[in-house]
Amino acid sequence: MQSSASSFAPHAQWLSPSDWRAFEASGTSAHRVCSLPGAWIERLGSDLLINHQTPTLLANLFQEWKQRSTDYAFAPQRIFSRDLPLQNADRSAPVLLEGDLSLPVETVVSESRVRFGLDFSAGYSVGLFLDQRTNRSLLKRKPLKRVLNTFAYTCSFSVVAALAGAETLSADLSQKSLDRGRLNFTLNALDPGAHRFVADDVQDLLPRLARRKEQFDAVILDPPTFSRGNKGRRFRAEDDLQSLLSAALEVTAPAGRLLLSTNCTKLRVTDLENIARFSLKNARMQGTFQHSPALVDFPLKTGASTLWIQLR
Ligand SMILES: C[S@@+](CC[C@H](N)C(=O)[O-])C[C@H]1O[C@@H](n2cnc3c(N)ncnc32)[C@H](O)[C@@H]1O
């Protein structure tokens, strides 16, 4: 990352042109371009998305992008903007700022040549969380037989695991997100019929899998900060992450691993370690912790807080 030399957005940290070229060379077309307090820009395939808390930040970033685009040798097909409101209830889908309105709202991006479908009209989130890139890549390192991806959204973790040869179970409350997940399998020449997709509350599913004595070599736990599940049951990361992890440990195979991840700004990696220590002790299990590799396009302390737990 390099600091901004311009007066439009003086606190912005921009991806260096050489890092941009490295993304290109590795078959990655979805990454951050710049970050600053209250705003950031993402490159999503042929398009750009400017995320901003205020109209001034949007105007400044738009101007500075115009000055810098030649450094990256990238002329976006479209530029979208997305407001980052204080309340979740005020969230809305990105809007087109520049470019052809008649182009399809759906597009495809790649990450290390793995393809993911995005939809700019689907709502606040367009389909891929870029800060999970290095965590997704860790699923390729060691061959895995069975992977459980909870809060799966568009199943990006499942696709990477399936490409590495795993059987996957993706669970999410939203059938619509799982349908998009199936499309992501198809986009990568994987047969979704050979994998499981369960539209249910993860808090109900985990005990059911445990009763059936199902075991997984890797479990992904990346819940939202707050949600309402079956029968309006509340999930709040601060209060419920520990019981969620305890339930997940029951379906993790010996020597298996879990990813514990949260966007809840009140929970840092040290809090995740404390939660993990407590759950392991309760379950009379032992494990070691591994931190996620840094992301070249995310400044320190931005993005999700994440922790890998390797069971012994
Ligand atoms: C932060 S996203 C997860 C992102 C995903 N891990 C990824 O990297 O693409 C949260 C997802 O959790 C789902 N969700 C929220 N509460 C749930 C619950 N109680 N049970 C199952 N899924 C839930 C939402 O529908 C949404 O798709």
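Residues numbered from 1 in each chain as written. Predicted model: local features only at pLDDT ≥ 70, side-chain atom pairs only at ≥ 80, totals over all residues. Heavy atoms only, no water.

Caption draft 1: Looking closely at the sheet that holds strand S16 (residues 252-262). Here we have 7 strands laid out as an open sheet, ordered S12-S11-S10-S13-S16-S18-S17, and mixed in their pairing. Every interior strand has two partners, whereas the edge strands, strand S12 (196-199) and strand S17 (287-291), have only one. Averaged over all adjacent pairs, the angle separating strand axes in this sheet is 15°, with direction ignored. Sheet topology places strand S10 (residues 146-150) next to strand S11 (residues 167-172); 5 bridges connect them, and they run parallel. Its bridge partner being in S11, Thr-150 is matched across the sheet by Ala-171. The strands touched by helix H7 (residues 237-249) are strand S13 (216-221), S16 and strand S18 (305-311); relative to S16, the strand with the most contacts, the crossing angle is about 165°. (Pairing = 2+ DSSP bridges. Helix = DSSP H or I, 4+ residues; strand = E, 2+ residues; numbered from the N terminus. Axes fitted to C-alpha atoms, helices over the stretch in contact; angles between N-to-C directions. Contact = heavy atoms within 4.5 Å.)

Caption draft 2: Molecular detail of the packing of H7 against helix H8 (residues 269-282). For the pair H7 and H8, interaxial distance at closest approach is 9 Å and the crossing angle is 45°. In terms of their interaxial angle, H7 and H8 are classed as oblique. Two packed elements cross with a definite hand, and for H7 against H8 that hand is right-handed. In this structure, H7 uses Leu-241, Gln-242, Leu-245, Ser-246 and Leu-249 to contact H8, whose residues at the interface are Leu-272, Ile-275, Ala-276, Phe-278, Ser-279, Leu-280 and Asn-282. Here the residues of the contact of H7 with H8 sort into 8 nonpolar, 4 polar and no charged. (Parallel < 35°, antiparallel > 145°, perpendicular 65-115°, else oblique. Left-handed = near helix turned anticlockwise from the far one by under 90°. Nonpolar A, V, L, I, M, F, W, Y, C, P; charged D, E, K, R; others polar.)

Caption draft 3: Region of interest: the domain arrangement of the protein chain. Taken domain by domain, the protein chain consists of domain 1 (2-105) and domain 2 (130-311). Look at where the C-alpha atoms of domain 1 and domain 2 centre, and you get two points 28 Å apart. Between domain 1 and domain 2 the total buried area reaches about 720 Å² when both faces are included, carbon and sulfur atoms providing 69% of it. For the pair domain 1 and domain 2, the interface holds 0 salt bridges. Counting across the interface, domain 1 meets domain 2 through 2 residue pairs in polar contact (both at pLDDT 80 or more). Residue assignment for the side of domain 1 that touches domain 2 shows that the elements contributing at least two residues are helix H1 (17-25), strand S3 (30-36) and strand S4 (39-44). For the side of domain 1 that touches domain 2, the element with the most residues is S3, which contributes 4 residues. Looking at the side of domain 1 that touches domain 2 residue by residue, the class counts come to 4 nonpolar, 4 polar and 3 charged. (Domains from an automatic or database assignment. Buried area = accessible area lost by both parts, 1.4 Å probe. Salt bridge = Lys/Arg side-chain N within 4 Å of Asp/Glu carboxyl O. Polar contact = N/O pair within 3.5 Å; in protein donor to acceptor, adjacent residues only side chain to side chain.)

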